[in-house]
Amino acid sequence: MLDNDGLDPLDTRIITVFTDQPGIGVLGASRALGVARGTVQARLDRLERRGVLTSFAPQVEPSAMGYPVTAFCTLEIRQSRGHDPVVAHLRRIPEVLEAHTITGQGDLMIRVVAQDNAHLQHVIDRVVAVDQVERAATVIALATQIPYRTLPLVQLAAPAQTCPGDGTDPAQEGGSAQPH
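Residues numbered from 1 in each chain as written. Predicted model: local features only at pLDDT ≥ 70, side-chain atom pairs only at ≥ 80, totals over all residues. Heavy atoms only, no water.

Notes on the packing of helix α1 (residues 9-20) against helix α2 (residues 25-33)
Keep this limit in mind: Helix axes are fitted only over the stretch in contact, all axes being lines through C-alpha atoms; the angle between N-to-C directions runs from 0 to 180 degrees. Put simply, DSSP marks the helices as runs of H or I at least four residues long and the strands as runs of E at least two long, and each gets a number from the N terminus on. For classification purposes, angles smaller than 35 degrees are called roughly parallel, those larger than 145 roughly antiparallel, those between 65 and 115 roughly perpendicular, and all remaining angles oblique. Should the near helix be turned anticlockwise from the far one by less than a right angle, the crossing is termed left-handed; should it be turned clockwise, right-handed. By definition in these notes, contact holds between two residues if any of their heavy atoms fall within 4.5 Å.
Look at α1 against α2: their axes get within 10 Å of each other, and the N-to-C directions meet at 120°. Viewed along their axes, α1 and α2 adopt a mutual orientation that is oblique. Judged by the sense of rotation from one axis to the other, the crossing of α1 with α2 is right-handed. From α1, Arg-13, Ile-14, Val-17 and Phe-18 reach across to α2, where they touch Gly-25, Val-26, Ala-29, Ala-32 and Leu-33.

Right, dumping it as structure tokens:
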């Protein structure tokens, strides 16, 4: 059985099949996994309720849309009003893909994309155009060595054991509970 924080092997197999074949659908996944469609749907619903699955939206590649430049900016902000006004400002800039509160040097780390270096300068100018941002330090990513991924973590989170209810062992099907 699964605890509140973990995944069982069937959860892992379901997430893996949807990661490997995003358009497979619930019926296709149930056939590929050899489990009932209702079981797959119930597991997906539970994983979504728990916040394990956050989206079924397609993943978009910014460079394929004309934004090949990726940069990371560390922002130092005035502490008097907190992060909220800066985050609200950043949300209005489409090229800001994500923002994280950080420790260490700086207060926020953001990932931005741009069409070229001149456009990157324009994006940074918009980022710092709010009074609460005191300073920005930017580094440009030259190449993505490991793209954003979660499947190895999903596979690590589930113990290697027989899947409840279906009598299969993921390791016997070429899968593994450990990342490759």
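Examining the pattern of salt bridges
Applicable threshold: Any Lys or Arg side-chain nitrogen located within 4 Å of an Asp or Glu carboxyl oxygen qualifies as a salt bridge. We call a residue buried when its accessible area falls under 20% of the maximum for its residue type, exposed when it is over 50%, and partly exposed in between, using a 1.4 Å probe and counting protein chains only.
Taken as a whole, this structure holds seven salt bridges when the rule is applied. Arg-43 serves as the salt-bridge partner of Asp-8, at 2.9 Å between the closest nitrogen and oxygen. Placement of the pair is Asp-8 in the segment before α1 and Arg-43 in helix α3 (residues 37-49), with a sequence separation of 35 residues. Summarising the burial analysis for this pair, Asp-8 and Arg-43 share the class buried. Between Glu-134 and Arg-78 there is a salt bridge, and its shortest N-O distance comes to 3.6 Å. Highlighted residues: Glu-134 in strand β4 (residues 133-141) and Arg-78 in the loop between β1 (69-77) and α4 (84-91), separated in sequence by 56 residues.

Details of the packing of α2 against α3
Packed helices, taken two at a time, are described by their axes: the angle between them and the distance between them. Going by this rule: Three residue categories are used. Nonpolar comprises Ala, Val, Leu, Ile, Met, Phe, Trp, Tyr, Cys and Pro, charged comprises Asp, Glu, Lys and Arg, and polar comprises the others, including Gly.
It is the contact of α2 with α3, at a shortest axis distance of 8 Å, that shows an interaxial angle of 115°. Between α2 and α3, the interaxial angle falls into the category roughly perpendicular. Considering how the two elements wind past one another, α2 and α3 form a crossing that is right-handed. Of the residues in α3, those in contact with Val-26, Leu-27, Ala-29, Ser-30 and Leu-33 of α2 are Arg-37, Val-40, Gln-41 and Leu-44. Residues that form the contact of α2 with α3 fall into these classes: six nonpolar, two polar and one charged.

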